[in-house]
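Okay, here's what each chain looks like letter by letter:
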Amino acid sequence: MLYLSGQNNDLQQFISDNDIQKITKASWKPMDELDINCPIMTEDELRCLIFGVYTVKLAASYTQEHMSSDGIYSIHGYVHNRSLLCLKFQSRHVSRKQYRSYIRFKEGSVDTWFCNCPVGARVVGTCAHVTSALWYLCFRRHQTDQLSDGPRNWAADISDAAKVSY
């Protein structure tokens, strides 16, 4: 980790050099329609790649926010040269801001990642956007059991004050 922390994000440079960030809207498709060869990973393998409890908590929030009630991850993406995945995420803080996350797969493994969010250029660990995408792509969509990952109905947790006895 110490060695990696001093390295530059080569994927960030590749994206900049090749103008990949200028992908047209016509190229974006729902994630489940993308032809990408990503590995199947366990949650433990993902945790080793991600390096951060806080990032995992943020990713869970992003995943729930982008998951429909029928379990479809409603993120759109684009595949460049069959190994580089580009995804669009809505900012949690600014409604008109979107971040683009890039994940490169190589020989059945996650090779490198980059996101244009404020912390997305790190090479040790991932930002919440990349974590959310990896959790869905490499783990969740391969599960057969029903996980409660759809949007949460927060109204179910609220009690009517008129019905509460003191």
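Each chain carries its own residue numbering, running from 1 in the direction its sequence is written. Given that this is a predicted model, residues contribute local features only at a pLDDT of at least 70 and side-chain atom pairs are listed and counted only at 80 or more, while totals for whole chains, interfaces and linings are drawn from all residues. Only hydrogens and water are removed before side-chain values are computed, so all heavy atoms of the structure are retained for them.

As annotated in an unreviewed UniProt entry, the chain is SWIM-type domain-containing protein from Dreissena polymorpha.

### Some details on the overall build of the chain
Keep this limit in mind: Here a helix means four or more residues in a row that DSSP labels H or I, a strand means two or more in a row labelled E, and each is numbered from the N terminus. For each residue, the accessible area found with a 1.4 Å probe, counting protein chains only, is set against the maximum for its type, and the residue is called buried under 20%, exposed over 50%, and partly exposed in between. Contacts are assigned to residue pairs with any non-hydrogen atoms lying within 4.5 Å of each other. Per-residue and other accessible areas were derived by the Shrake-Rupley procedure at a 1.4 Å probe size, with only the shown protein chains allowed to occlude residues.
Across its full length, the chain carries five helices and five strands. Counting from the amino terminus, the chain carries its helices and strands in the arrangement α-α-β-α-α-β-β-β-β-α. Scored against the burial criterion, the 166 residues of the chain give a buried share of 39%. Partitioning the contacts of the chain with sequence separation of at least 6, the portion at a separation of at least 24 is 63%. If you sum the accessible surface of the chain, you get close to 10,300 Å²; carbon and sulfur atoms cover 50% of it.

### A word on the sheet that holds strand β3 (residues 84-90)
Stated precisely, the cut-off is as follows: DSSP calls a pair of strands paired once it identifies at least 2 bridges connecting them. Between N-to-C directions, angles span 0 to 180 degrees; the directions come from axes that are lines fitted to C-alpha atoms, helices contributing only their stretch in contact.
What the five strands build is an open sheet, ordered β1-β2-β3-β4-β5; its pairing is antiparallel. Each edge of the open sheet is held by one strand with a lone partner, namely β1 (29-30) and β5 (109-115). As judged from the four bridges shared by strand β2 (residues 76-80) and β3, these two strands associate in the antiparallel manner. Note that in β3 the partner of Tyr78 across the bridge is Cys86. The sheet strands contacting helix α5 (residues 128-138) are β3, β4 (98-106) and β5, and the helix crosses β4 at an angle near 50°.

### Overview of the side chain of Thr112
Tracing the chain through its elements places Thr112 in strand β5. Residue contacts for Thr112: discarding those within four places in its chain leaves Asn9, Leu11, Tyr102, Ile103 and Arg104.

### With respect to the confidence of the model for the chain
Our working definition: Each residue carries a pLDDT value, the predictor's own confidence for that position, ranging from 0 to 100.
Mean pLDDT over the chain: 78, with 79% of residues reaching 70 or higher. Below a pLDDT of 50 lies the segment residues 149-155, which in the model reaches 13 contacts outside its immediate sequence neighbourhood of four places, other chains included.

### So, unusual backbone geometry
At Asn81, a residue that is not glycine, the phi angle is positive and equals roughly 55°. Relative to the helices and strands, Asn81 is located in the loop between β2 and β3. Notably, Glu107 is not glycine yet its phi reads approximately 50°, a positive angle.

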